[in-house]
Amino acid sequence: MVQLLFFYFALVVIGLGLRIVTAKNPVHCVLLMLVLFFHMAGLYLLLNAEFLAAVQIIVYAGAILVLYLFVLFLVDLREEVKMSPFIKKGKWLGIVGAIALFLTFLRGVMNFSLGPHGQYTIEKIQQMTHTKAMGEAIYTTYILPFEVAGIILLVAVIGGLAMAKREK
Amino acid sequence: MELLWILIKIVIVFAVVMLHVMYATYFERKVIGHMQVRMGPMRVGPHGILQPIADGLKLFFKEDIIPAEADKKVFYAAPLICLISALSAVAVLPFFEGFAIANINIGLLYIFAMSSLASYGVVLAGWSANSKYSFLGGLRSSAQVISYEIAMGLSLVGVMMLSGSLNLTDIVHAQMNSPYKIYLIPQIIGFFVFVVAMFAETNRTPFDLPEAESELVAGYCTEYSGMRFALFFMAEYIGMIVMSCLAVTCFLGGWSGPFDVPGIPFFWFLLKAYFFIFLYYWVRATLPRYRYDQLMALGWKVLIPLALFNIVLTGTIKSLFG
């Protein structure tokens, strides 16, 4: 059952991903992206990561994607902008590059092996709830990466403020 | 067997919620009518009690008009997104001890997720209809919902800190065991922010700018007619009901009351929820609409700082005395 669900979510994510990059209408892209985020949240749920699933929807679907929609509306794109390729006859280069990248990934996937199990087993997470488990991990073991990520975001916010203020 | 019980619960809750939506429209007109010294609907049945059925029939048989230049797929999908996101949020509400369709650990976050989706329905309805009134209404609504969602989320952080859980049933239990029995008293600032944000989230007066009829015709649903318009209407009322129930669950102690009413375990829950729905009507009959810049200033400059202050205060008190 779980595997069936996994394949459903994974296939839909891949299919929607392809559809999003090929769709002509940017607003349709955003809508498909919304469906894609839901399926990614489904993948998180299969991993017992209910907090991540909810945050995935709240942050990505509820905030970031709506901002994308705003930008689309502000620039008033009804159809995709068409541009000529940067490099003439670059199609073959692209195909060779794509195949090379695919082979690299394939190599990586074939050599994939499971890492050692950490202290958070499924039973432990179910017992202490995922939200608590994640909070504890973030604020104890991973406090430094967490703070660094926070500072990077702060820098971005200050940068945005500086750019907005410069006009005056 | 488990699955069957869940299905039965879904059918019961769905039917009850839909009935409430029907009669919420009726009572809205009655309450506002009486507040404005009018009678409200009186024609259909005694005291107009059958009015919602007549309205429903009328909307059902109206012609379904789609603007010529509309983006059809999105135009069809928008009201459904609104309705589905509003209805899905009902699934996690605990109506009485042990009765919630899905008693999940992240109930509160789930409701936020679903209410943030509702803005898609509105903004896409505005865009797809290809009409400027709709478009302006849609843009206003999404900006408003995003801004107030932050305030609403932050206002509930205090509740999460006190109860130590995101599970709505656990939050009610934690309130029953707390010294004041309800979180309204220790979380009065959070409650204030929540109630204001609640009005803005559901696009109701005094924050009903997305459908400000005097300037935008009917905002995002200008181009909708018949059943599709009714879907938006239902979504709005379900949203009101969900927000009222959330306020009851998080601040007023859910189904618990001063004494148990035998046979009706959801008595107190309903009573409190009806109070909040009445509050919606009361405010609508009392307050004029905000201007758009006032609305944004209130959200960003008053409510969010207040909610942040509430978090710091709750944290300090909890670490000192808890």
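The residue count restarts for each chain, going from 1 along the sequence in the order it is written. Throughout, the order in which chains and ligands are written sets their labels, letters from A for the former and numbers from 1 for the latter. It should be noted that, the model being predicted, local features are given only for residues of pLDDT at least 70 and side-chain atom pairs only at 80 or more, the latter also being counted only at that level, while totals for whole chains, interfaces and linings use all residues. Based on all heavy atoms of the structure, the side-chain values leave hydrogens and waters out of the count.

A. Expanded view of the overall build of chain B. Across its full length, chain B carries 11 helices and zero strands. Secondary structure elements are defined from DSSP: runs of H or I of at least 4 residues count as helices, runs of E of at least 2 residues count as strands, and each element is numbered from the N terminus. Seen in sequence order, chain B has helices and strands lined up from the N terminus as α-α-α-α-α-α-α-α-α-α-α. Radius of gyration: over C-alpha atoms. The globule rule applied is 2.2 Å multiplied by the number of residues raised to the 0.38 power. Scaling as 2.2 N^0.38, a compact globule of 322 residues should have a C-alpha radius of gyration of about 20 Å, and chain B matches this with 20 Å. Its C-alpha atoms give chain B principal-axis dimensions of roughly 65 × 45 × 45 Å. Summary of the burial criterion: residues with accessible area below 20% of their type's maximum are buried, those above 50% are exposed, and those between are partly exposed, where the area comes from a 1.4 Å probe applied to protein chains only. By residue count, 54% of the 322 residues in chain B fall in the buried class.

B. Region of interest: the overall build of chain A. Broken down by element type, chain A carries seven helices and zero strands. Ordering the α and β elements of chain A from the N terminus gives α-α-α-α-α-α-α. Taken over the C-alpha trace, chain A has a radius of gyration of 21 Å; the compact-globule value for 168 residues is 15 Å, which it surpasses by more than 25%. Its C-alpha atoms put chain A at 55 × 50 × 25 Å along the principal axes.

C. Quick peek at the interface of chain A and chain B. Facing 22 residues of chain A, the contacting portion of chain B comprises 25 residues. Buried area, as used here, totals the accessible surface that two parts lose on assembly, with accessibility defined by a 1.4 Å probe and the loss added over both. Across the interface of chain A and chain B, roughly 2,200 Å² is buried in total on both sides, 76% from carbon and sulfur atoms. The term salt bridge refers to a side-chain nitrogen of Lys or Arg lying within 4 Å of a carboxyl oxygen of Asp or Glu. Between the two partners, chain A and chain B, sit zero salt bridges. Polar contacts here mean pairs of N or O atoms no more than 3.5 Å apart (in protein, one a potential hydrogen donor and the other a potential acceptor; neighbouring residues in sequence count only if both atoms are side-chain atoms). Where chain A meets chain B, there are three residue pairs in polar contact (both at pLDDT 80 or more). Elements represented by at least two residues in the side of chain A that touches chain B include exactly α2 (26-46), α3 (50-75) and α6 (130-139) of chain A. For the side of chain A that touches chain B, the element with the most residues is α3(A), which contributes 12 residues. We call two residues contacting when some pair of their heavy atoms lies within 4.5 Å.

D. Structural detail: the state of the cysteines. All names here are of chain B. Note that a disulfide, as used here, is simply two cysteine sulfur atoms within 2.5 Å. Throughout the structure, instances matching the rule amount to zero disulfides over all chains. Cysteine C250 shares no disulfide, and the gap to the nearest cysteine sulfur, in C245, comes to 11 Å. Taking the relative accessible area as the measure of exposure, C250 reaches 0% and is therefore buried.

E. Quick peek at a nonpolar patch on the surface. Residue and element names in this part refer to chain B. A cluster of nonpolar side chains, namely L19, M22, I49, L50, I53, L57, F60, F61 and M227, defines an oily patch on the protein surface of about 850 Å² accessible area. Within the residue set of the nonpolar patch, elements represented by two or more residues are α1 (2-35) and α2 (51-61). Here the nonpolar patch takes four residues from α2, the largest share from any one element. Examined against the element boundaries, I49 turns out to sit in the loop between α1 and α2. Only residues whose relative accessible area exceeds 30% and that form no salt bridge are eligible for patches; like-charged ones are grouped when within 9 Å, while nonpolar side chains (Val, Leu, Ile, Met, Phe, Trp, Tyr) are grouped when within 5 Å. Residue burial considers only the protein chains on display, and all accessible areas are found by Shrake-Rupley using a 1.4 Å probe.

F. Highlighting the domain arrangement of chain A. Residue and element names in this part refer to chain A. The split of the chain into domains comes from an automatic or database domain assignment. Segmenting chain A into domains produces domain 1 (2-120) and domain 2 (121-168). Of note, the centres of domain 1 and domain 2, computed from C-alpha atoms alone, are 22 Å apart. Listed per partner, the contact involves seven residues of domain 1 and 13 residues of domain 2. Of all residues in domain 1, N48, F51 and Y120 give up the largest surface area on contact with domain 2, accounting jointly for 70% of the area buried on that side. In this assembly, domain 1 and domain 2 are joined by one residue pair in polar contact (both at pLDDT 80 or more).

G. Representation of the environment of A54(A) in the model. With respect to the helices and strands, the residue A54(A) is situated in helix α3. Note on A54(A): relative accessible area 5%, which makes it buried. Not counting residues up to four positions away in its chain, the partners in contact with A54(A) are I106(B), L109(B) and A113(B).

H. The side chain of Q187(B), seen in detail. Residue and element names in this part refer to chain B. Along the polypeptide, Q187 turns up in the loop between α6 (168-177) and α7 (188-201). With a relative accessible area of 0%, Q187 lands in the buried category. Beyond its immediate stretch of four places on either side in the chain, Q187 contacts G158, V159, L162, F251, N310 and T314.

I. Layout of unusual backbone geometry. Residues and elements named next belong to chain B. Positive phi outside glycine occurs at V37, with the angle close to 55°. With a phi close to 55°, H47 is a non-glycine residue in the positive phi region. Here H47 is to be found in the loop between α1 and α2. Judged by relative accessible area, which is 51%, H47 ranks as exposed.

J. Geometry of the packing of aromatic side chains. Residues and elements named next belong to chain B. Stacked, tilted and edge-to-face are the three classes applied to pairs of Phe, Tyr and Trp rings, where Trp contributes its six-membered ring and a pair requires centres within 6.5 Å; stacked means planes under 30 degrees apart, edge-to-face means over 60, and tilted covers the rest. For the structure on display, the rule yields 20 aromatic pairs over all chains. Judged by centre distance (5.8 Å) and plane angle (75°), the ring pair of Y23 and Y26 falls under edge-to-face. With Y23 and Y26 both in helix α1 and three residues apart, this pair spans about one turn of that helix. A network of ring pairs unites the aromatic residues F191, F194, F251, F275 and F276 as a single cluster.

K. Here's a closer look at the pattern of salt bridges. All names here are of chain B. Inspection of the entire model under this criterion finds five salt bridges over all chains. With its nearest N and O atoms 3.3 Å apart, the salt bridge here joins D55 to R29. Of this pair, D55 sits in helix α2 while R29 sits in helix α1; the two residues are 26 residues apart in sequence, bridging distant segments of the chain. Residue classification places D55 among the partly exposed residues on the basis of a relative accessible area of 25%. We classify R29 as partly exposed; its relative accessible area is 39%. Where D293 meets R291, a salt bridge forms, and the shortest distance between an N and an O atom there is 2.9 Å. Connected through salt bridges with shared partners, the residues E28, R204, E236 and R284 form a single ionic network.

L. Main features of the confidence of the model for chain A. With 93% of its residues at a pLDDT of 70 or more, chain A shows a mean pLDDT of 84. Every residue is assigned a pLDDT by the predictor, reflecting its confidence on a scale from 0 to 100. Within chain A, the element-level pLDDT minimum falls on helix α5 (residues 122-128) of chain A, averaging 78, and the maximum on helix α7 (residues 143-165) of chain A, averaging 91.

M. Representation of the packing of helix α5 (residues 132-163) of chain B against helix α9 (residues 226-251) of chain B. Residue and element names in this part refer to chain B. Note on geometry: axes are C-alpha line fits, over the in-contact stretch for helices, and angles between N-to-C directions span 0 to 180 degrees. Between α5 and α9, whose axes approach to 10 Å, the crossing angle comes to 25°. Relative to α9, the element α5 lies roughly parallel. Two secondary-structure elements touch here, α5 through M152, S155, L156 and V159 and α9 through M243, L246, C250 and F251. Only Asp, Glu, Lys and Arg are considered charged, only Ala, Val, Leu, Ile, Met, Phe, Trp, Tyr, Cys and Pro nonpolar, and every remaining residue, Gly among them, polar. Classifying every residue of the contact of α5 with α9 gives seven nonpolar, one polar and no charged. Each angle is binned into one of four classes, with values under 35 degrees roughly parallel, values over 145 roughly antiparallel, values of 65 to 115 roughly perpendicular, and all other values oblique.

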